[in-house]
Amino acid sequence: MRTDAQWRCALSVALVLMVLSGCSTTRNDSVTNSPMPTYSGESVVVMARSYHTGNKTESDFTRCIVNELRSGQNKLNIMRGEDFIDAMYPWFEPRTAPNDIGDMPRLIQNEKVAARMRETGVRYVVWLDGNTEMPGGGGSISCAAGAGAAGCFGFAWWENDSDYDAAVWDLDGQKEAGSLETKVNGTSYLPAIVIPIPLIARTRAKACDALAEQLQQFIRSGSAVPSVAEN
């Protein structure tokens, strides 16, 4: 049986671990296809790419991007994706939305489509794509209870890869102005000394912050700077 001193020591180690977090690496890349016009408050709509399987970019990630673009010093004028889809029904429903900016000229030739587009005030469409996966992990933790004491001991870890990209369409110019990509690779840890202490690498949240910052910079200035950060 562990002595009181041993339990106090284990608890002290656990408290130290609580201030730590998992480690991650963030990579940002961008491609500029054509100069962006000066942003002057035009509306931006953020949409999730849909697939024939019915899967699409996680809704919570899309909401995170929208919230980030609406906040901060460089906030943008954002229209809700649901409102845009309703206003443009049925041309931007998941099964009928244009897959490529090259489809837009043909669509805009429809006077009804063009009129509704003007009514929305949307200048830029941001198409989000990507997901978060857990490619691997390992370790083990065991828990036991005895007379007057209980605890868990062991160590586990897992990896998370968050890979998202955004294509920015300029509807007025009927062109894809550019594309941005954020990749966050992280490792989370779960040491257990009496109690399990999760040290989480929040890769999806970090990907949201990084991609939203890139989008704000790109739409306002027409460029985004590739970068690598570790934390």
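Below: a short report on this structure.

Cut-offs and rules
- Residues numbered from 1 in each chain as written.
- Predicted model: local features only at pLDDT ≥ 70, side-chain atom pairs only at ≥ 80, totals over all residues.
- Heavy atoms only, no water.
- Helix = DSSP H or I, 4+ residues; strand = E, 2+ residues; numbered from the N terminus.
- Polar contact = N/O pair within 3.5 Å; in protein donor to acceptor, adjacent residues only side chain to side chain.
- Contact = heavy atoms within 4.5 Å.
- Axes fitted to C-alpha atoms, helices over the stretch in contact; angles between N-to-C directions.
- Parallel < 35°, antiparallel > 145°, perpendicular 65-115°, else oblique.
- Left-handed = near helix turned anticlockwise from the far one by under 90°.
- Nonpolar A, V, L, I, M, F, W, Y, C, P; charged D, E, K, R; others polar.
- Disulfide = S-S within 2.5 Å.
- Buried < 20%, exposed > 50% of the residue type's maximum accessible area, 1.4 Å probe, protein only.

## Some details on the side chain of Ser 43
Within the secondary structure, Ser 43 is located in strand S2 (residues 43-48). For Ser 43, the side chain forms a polar contact with the side chain of Asn 77, separated by 3.2 Å. Apart from residues lying up to four places away in sequence, Ser 43 is in contact with Asn 77, Thr 120, Gly 121, Val 122, Arg 123 and Tyr 124.

## Some words on the packing of helix H2 (residues 59-69) against helix H6 (residues 203-221)
The geometry of H2 relative to H6 is characterised by a closest axis approach of 9 Å and an angle of 45 degrees between their N-to-C directions. Considering their axes alone, H2 and H6 lie oblique with respect to each other. For the crossing formed where H2 meets H6, the hand is right-handed. Residues Asp 60, Phe 61, Cys 64, Ile 65, Glu 68 and Leu 69 of H2 touch H6, and the partners they reach there are Arg 204, Ala 207, Cys 208, Asp 209, Leu 211, Ala 212, Leu 215 and Gln 216. Taken together, the residues of the contact of H2 with H6 sort by class into nine nonpolar, one polar and four charged.

## Examining the state of the cysteines
A full pass over the atoms with the stated rule returns two disulfides. Here Cys 64 is linked by a disulfide to Cys 208, with a sulfur-sulfur distance of 2.0 Å. Taking the torsion about the sulfur-sulfur bond, which here is approximately -100 degrees, the covalent link between Cys 64 and Cys 208 counts as left-handed. Taken together, the residues Cys 64 in helix H2 and Cys 208 in helix H6 connect sequence positions 144 residues apart. Residue class for Cys 64 comes out partly exposed when judged on its relative accessible area of 23%. Note that Cys 143 is cross-linked by a disulfide to Cys 152, the S-S spacing being 1.9 Å. The disulfide joining Cys 143 to Cys 152 has a torsion of about 105 degrees about its S-S bond and is therefore right-handed. Each bonded cysteine of the protein is numbered by sequence order, and under that numbering the disulfide pairs are 1-4, 2-3.

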